[in-house]
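Coordinate inspection notes
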Amino acid sequence: MTTIPTQLPTQLQSVRARVAAACQSAGRAASEVTLLAVSKTVEPEVVSQAFDAGQTAFGENYIQEAVQKIIELRHLALEWHCIGPIQSNKTRLVAEYFDWVQTLDRLKIAQRLSEQRPAGLPPLQVCIQVNVDGGTRKSGVLPGEVLALAQRVAALPNLCLRGIMCIPEPASDFVAACALFARVKAVFDALNAAGLALDTLSMGMSADLEAAILSGSTMVRVGSAIFGARPPFKPMPAQ
Ligand SMILES: *Cc1c(COP(=O)(O)O)cnc(C)c1O
């Protein structure tokens, strides 16, 4: 038996309050920012409890773990976002089970996802992951290469390009975080100025959602502030 953390509804409520307060100080409507609950390593029972508390969008990093959870929770009207790295041999599972993919960074993967998206389902909603830190080992597309990839992805029949996302290294302070997020916002604005109609700028996590919202984020991805600290035994896969 899994013990369900009784503080979950309270934590969810307090994250919603943080989002609302950040929107207010940024002069934005609270409805402009979607809260994605990052449920990696979280048991299905707990996801179900978050749903009972009004949360419908969930993000997962590990495809295998996610697919089991998605199947187990099929009776609930949940929206699932893939926010982890995708290897070519996992694209079929992702195309079949997820509603969104936020970590697109290669045309090859985009083409496979489009080809493998089952006929009866709506197009897969996708974001391109942008590497704003510029580190060569990190996943994500460099800012100068996003437009070319975005135009090709937008032309694929079974994908719907919604925007961009980023996972920067944690910044040293609020001002540094805002400066980094502002660079991602500039990439987002440039894509729209080039004629792509994008509505999703996915940036901000538990520690820096205020800076992200102030900088124009439309989706924050929050794990530990909702579900508590994750167990250390499940390391991030090598990138
Ligand atoms: C784990 C994860 C998050 C959530 O991080 P927290 O600090 O727990 O809020 C957000 N985005 C991605 C891509 C993640 O892997």
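See the structure above.
Attention in this report is confined to the structure presented alongside it. In this convention, every chain numbers its residues from 1, walking through the sequence in written order. In view of the model being predicted, local features appear only for residues whose pLDDT reaches at least 70, and side-chain atom pairs are presented and counted only at 80 or more, with totals across whole chains, interfaces and linings using the full set of residues. Only hydrogens and water are set aside when side-chain values are computed; all heavy atoms of the structure are taken into account.

**A few points about the packing of aromatic side chains**
Worth spelling out the cut-off: Ring geometry is summarised as follows: Phe, Tyr and Trp rings, the Trp one being its six-membered ring, pair when their centres sit within 6.5 Å, and such pairs are stacked at plane angles under 30 degrees, edge-to-face over 60 and tilted between the two. Numbering goes from the N terminus for both helices and strands, where a helix is a DSSP run of H or I of at least four residues and a strand is a run of E of at least two. Only protein chains enter the area calculation, which uses a 1.4 Å probe; residues under 20% of their type maximum are buried, those over 50% are exposed, and those in between are partly exposed.
On inspection of all chains with the given rule, the structure shows 1 aromatic pair. Seen in terms of ring centroids, Phe-58 and Trp-80 are 5.7 Å apart; in terms of plane orientation they differ by 40 degrees. Their pairing is tilted. Of this pair, Phe-58 sits in strand 2 (residues 57-60) while Trp-80 sits in strand 3 (residues 79-82), placing them 22 residues apart in sequence. Using a relative accessible area of 3% as the deciding quantity, one classes Trp-80 as buried.

**Examining the site of the ligand**
Cut-off, in case you're wondering: A cutoff of 4 Å decides nearness: a residue is near a molecule or strand if any of its heavy atoms lies inside that distance of it. The definition of a polar contact used here is a pair of N or O atoms within 3.5 Å, where within protein one atom must be able to donate a hydrogen and the other to accept one, and adjacent residues in sequence count solely through side-chain atom pairs. Using the Shrake-Rupley algorithm and a 1.4 Å probe, accessible areas are obtained, with residue cover drawn only from the displayed protein chains. Lys, Arg, Asp and Glu make up the charged group, whereas Ala, Val, Leu, Ile, Met, Phe, Trp, Tyr, Cys and Pro make up the nonpolar group; the residues left over, Gly among them, are polar.
Residues in close proximity to the ligand include Val-38, Lys-40, Asn-61, Ile-83, Ile-167, Met-205, Ser-206, Arg-221, Val-222, Gly-223, Ser-224 and Arg-230, which together make up its full environment. One of the side-chain nitrogen or oxygen atoms of Asn-61 is found 2.7 Å away from an oxygen atom of the ligand. Within the side chain of Ser-206, one N or O atom sits 2.5 Å away from an oxygen atom of the ligand. Burial of the ligand by the protein chains amounts to 91% of its free accessible area of 390 Å². Of the residues belonging to the shell around the ligand, the class tally is 5 nonpolar, 4 polar and 3 charged.

**Quick word on a nonpolar patch on the surface**
The condition that has to hold: For patch building, the residue pool is restricted to those with more than 30% relative accessible area and no salt bridge; the joining distance is 9 Å between like charges and 5 Å between nonpolar side chains (Val, Leu, Ile, Met, Phe, Trp, Tyr). A side-chain nitrogen of Lys or Arg and a carboxyl oxygen of Asp or Glu constitute a salt bridge if their distance falls within 4 Å.
Where nonpolar side chains cluster on the molecular surface, the patch consists of Phe-174, Val-175 and Leu-214 and spans about 300 Å² of accessible area. Within the secondary structure, Phe-174 sits in helix 7 (residues 174-193).

**Focus: the environment of Val-47**
Under the convention used in this document: In what follows, residue pairs with any heavy atoms lying within 4.5 Å of each other are defined as contacts.
When you line up the elements, Val-47 lands in helix 2 (residues 44-52). Residue classification places Val-47 among the buried residues on the basis of a relative accessible area of 0%. Along the sequence, Val-47 and Tyr-62 sit 15 residues apart, while their C-alpha atoms lie 15 Å from each other. Leave out the neighbours within four places in its chain, and Val-47 touches Ser-39, Val-42, Phe-58, Lys-69, Leu-73, Leu-78 and Trp-80.

**Quick notes on helix 7**
Cut-off, in case you're wondering: Between the first and last residue of a helix there are one fewer steps than residues, each counted as 1.5 Å, and that sum is the expected span.
In this model, helix 7 (20 residues) spans 28 Å end to end at C-alpha, consistent with the 28 Å of a helix rising 1.5 Å per residue. Taken residue by residue, helix 7 has Ala-177, Cys-178, Leu-180, Phe-181, Val-184, Val-187, Phe-188 and Leu-191 as its buried positions. Structurally, the start of helix 7 carries an N-cap: the backbone nitrogen of Val-175 is 3.2 Å from a side-chain oxygen of Asp-173. Immediately beyond the C-terminal end of helix 7, within one or two residues, lies Gly-195, with a positive phi of roughly 105 degrees.

**A closer look at the side chain of Ser-215**
As for its placement among the helices and strands, Ser-215 is situated in the loop between helix 8 (209-214) and strand 8 (219-222). What makes Ser-215 buried here is its relative accessible area of 12%. With sequence-adjacent residues up to four places away left out, Ser-215 is seen in contact with Cys-178, Phe-181, Ala-182, Lys-185 and Met-203.

**Topic: the pattern of salt bridges**
Side-chain pairing between opposite charges can occur once the charged atoms of the two side chains come close. In this structure the tally under the stated criterion is 7 salt bridges. Where salt bridges share partners, they join Glu-60, Glu-65 and Lys-69 into one cluster.

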